[in-house]
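One-letter residues, chain by chain:
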Amino acid sequence: MLNVKTRFLAAGAVAMSMAFAAMPANAQQFINVLTGGTSGVYYPLGVALSEIYGKSIEGARTQVQATKASVENLNLLQQGKGEIGFALGDSVALAWEGNTEAGYPGKLDKLRGIAAIYPNFIQIVASQESGVKSLADLKGKSLSVGAPASGTELNARAILTAAGMKYEDLGKVEYLPFAESVELIKNRQLDATLQSAGLGVASIRDLATSLPITVVAVPAADVEKVGAPYMAVTIPAGTYDGQTTDVQTAAVGNFLVSHDGVSEEVAYQMTKLLFENLDKLSAAHAAAKGIDLAKALDGMPIPLHPGAERYYKEKGLIK
């Protein structure tokens, strides 16, 4: 039999739970958008998403967090330190597997998918002065491969392995964000940079306007060796100043990811508003032109968030 103190505490707990239940679900909803470096594509798209969510989700307070991108974003989501984040498909798959070599402490089982978005193009750019014209020419040269254990760095490992190379074959390996890599090339302290991003990434545009560059091809045969989720694509001529021909390379799909601690309603709104505001996202960065509702579930390597699933059922993508 409950004593008076226990009954009082129990009644208080019930009253508090009823009070919280009566509060609007979206009251003071905090949405932290996890992006990447400020000179990449994730950041401007994250800023646009943050503005869209802040204006359209009642009671939402939004924030944009610049990060080291994919791997860090997924680890932060697992810890509940963000509500939505950008990540490369292979990074997401490795996170779900719990691949410790890729920078995960174990299986990130709280991750939930929101949408497949645009493809990241693996763009290897060297100064013409370096003499690097092919992957083989990178032997003995200095290359920046992105932040340690970032999605870009995982891409670098995969591409070099397919080309029969290791980091040890390079003259020097730098683990730097996009903008810092470009500054080193400008200062003749680095030969080349590998950047995994949407076409027209600001850092490479900046480099191409500063000095003559060579966009180095990743042959389709090497892309085939890597296998899914990598696919052979082309960087169209004229994407960057001085790039006069099409260049073969690899691409990996990007995903927006959330976690199971985000409510179904908030995840539904985040998914819905993403596809209802593609014009605003495309204005923030041209890479968003590759976002297509019809491809929103393509290659999704983790379970969908129930809120996203509800939206796709409404749109007929899921029966």
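This section reports on the structure supplied with the text. (Residues numbered from 1 in each chain as written. Predicted model: local features only at pLDDT ≥ 70, side-chain atom pairs only at ≥ 80, totals over all residues. Heavy atoms only, no water.)

Let's shift gears to the overall build of the chain. The secondary structure content of the chain amounts to eleven helices and ten strands. With respect to the three principal axes, the spread of C-alpha positions in the chain is 85 × 40 × 40 Å. Every one of the 319 residues in the chain was classed for burial, and the buried ones make up 50%. Considering only contacts within the chain whose residues lie at least 6 apart along the sequence, 74% involve residues at least 24 apart. With an accessible surface of roughly 14300 Å², the chain has 54% of that area assigned to carbon and sulfur atoms. (Helix = DSSP H or I, 4+ residues; strand = E, 2+ residues; numbered from the N terminus. Buried < 20%, exposed > 50% of the residue type's maximum accessible area, 1.4 Å probe, protein only. Contact = heavy atoms within 4.5 Å. Areas by Shrake-Rupley, 256 points an atom, 1.4 Å probe, with all protein chains shown as cover.)

This part takes up the packing of aromatic side chains. Scanning the model with the defined rule gives six aromatic pairs in all. Pairing Tyr42 with Phe86 gives two aromatic rings, centres 5.1 Å apart and planes at 25°, and the pair type is stacked. Of this pair, Tyr42 sits in helix 2 (residues 42-56) while Phe86 sits in strand 3 (residues 84-88), and the two are 44 residues apart along the sequence. A relative accessible area of 3% means that Phe86 is categorised as buried. Members of the aromatic cluster, joined through ring pairs, are Tyr268, Phe275, Tyr311 and Tyr312. The lysine or arginine in question, Lys107, covers the ring of Trp96, its NZ or CZ lying 3.7 Å from the ring centre. (Phe/Tyr/Trp six-rings, centres within 6.5 Å; stacked < 30°, edge-to-face > 60°. Lys NZ or Arg CZ within 6 Å of the ring centre and 35° of its normal.)

Moving on: the nonpolar core. By size, the foremost hydrophobic cluster in this structure holds 101 residues, and its most contacted members are Ile31, Tyr53, Leu74, Ile124, Leu138, Leu274 and Leu281. With eleven residues, strand 4 (residues 111-127) is the largest single contributor of residues to this core. Look past the residues within four positions of Ile124 in its chain and what remains in contact with it is Leu135, Leu138, Ile159, Thr193, Leu194, Thr214, Val215, Val216 and Val218. (Core = buried A, V, L, I, M, F, W, Y, C linked by side-chain atoms within 4.5 Å.)

Attention now moves to the environment of Leu176. Note that Leu176 resides in the loop between strand 6 (172-174) and helix 6 (178-186). For the pair Leu176 and Lys225, spaced 49 residues apart in sequence, the C-alpha to C-alpha distance is 26 Å. Apart from the residues within four sequence positions on either side, Leu176 is in contact with Ser144, Gly146, Ala147, Ser181 and Leu184.

Across six bridges, strand 1 (residues 29-34) lies against strand 2 (residues 60-65) in parallel orientation. In the strand pairing of strand 2, Phe30 is matched with Arg61. Of the crossover connections in this fold, the one passing from strand 1 over helix 2 to the parallel strand 2 is right-handed. (Pairing = 2+ DSSP bridges. Right-handed = clockwise from strand over helix to strand, strands pointing away.)

So, about the packing of helix 3 (residues 70-78) against helix 4 (residues 89-97). Contact geometry for helix 3 and helix 4: axes closest at 9 Å, N-to-C directions at 40°. On the basis of their axis angle, the class for helix 3 and helix 4 is oblique. Considering the relative orientation of helix 3 and helix 4, their crossing is right-handed. Here Ser70, Val71 and Leu74 of helix 3 come into contact with helix 4, specifically with Ser91, Val92 and Ala95. (Axes fitted to C-alpha atoms, helices over the stretch in contact; angles between N-to-C directions. Parallel < 35°, antiparallel > 145°, perpendicular 65-115°, else oblique. Left-handed = near helix turned anticlockwise from the far one by under 90°.)

Across the interface, helix 4 lies against helix 5 (residues 151-162) with an axial gap of 9 Å and an inter-helix angle of 95°. Viewed along their axes, helix 4 and helix 5 adopt a mutual orientation that is roughly perpendicular. Contacts from Asp90, Ser91 and Leu94 in helix 4 reach Gly151, Leu154 and Asn155 in helix 5. Counted by class, the contact of helix 4 with helix 5 contains two nonpolar, three polar and one charged residues. (Nonpolar A, V, L, I, M, F, W, Y, C, P; charged D, E, K, R; others polar.)

All of the buried residues along helix 6 are Phe178, Ser181, Val182, Leu184 and Ile185. The buried residues of helix 6 occupy an angular sector of 160° when the element is viewed end-on, so they sit on one face. Turning to helix 6, the residues buried within the fold contact strand 4, strand 5 (142-144), helix 5, strand 6, strand 7 (192-197) and helix 7 (202-210). Positive backbone phi, approximately 60°, marks Arg188, located one or two places after helix 6. (Arc of directions from axis to C-beta.)

To continue, consider the side chain of Asn120. Secondary-structure assignment places Asn120 in strand 4. Its relative accessible area of 1% is what places Asn120 among the buried residues. Among the polar contacts made by the side chain of Asn120, one reaches the main-chain carbonyl oxygen of Ser196 at a distance of 2.8 Å. Setting aside its immediate chain neighbours within four residues, Asn120 contacts Tyr42, Leu88, Ser196, Ala197, Gly198, Ala250, Ala251, Val252 and Asn254. (Polar contact = N/O pair within 3.5 Å; in protein donor to acceptor, adjacent residues only side chain to side chain.)

Let's shift gears to unusual backbone geometry. Pro229 follows Ala228 through a cis peptide bond whose omega is 5°. Position of Pro229 among the secondary structure elements: in the loop between helix 8 (220-226) and strand 9 (231-235). In this model, Ala69 sits at a positive phi of 80°, which is unusual for a non-glycine residue. On the accessibility criterion, Ala69 (16% relative accessible area) is buried. Positive phi, normally seen in glycine, also occurs at Arg188, with a value near 60°.

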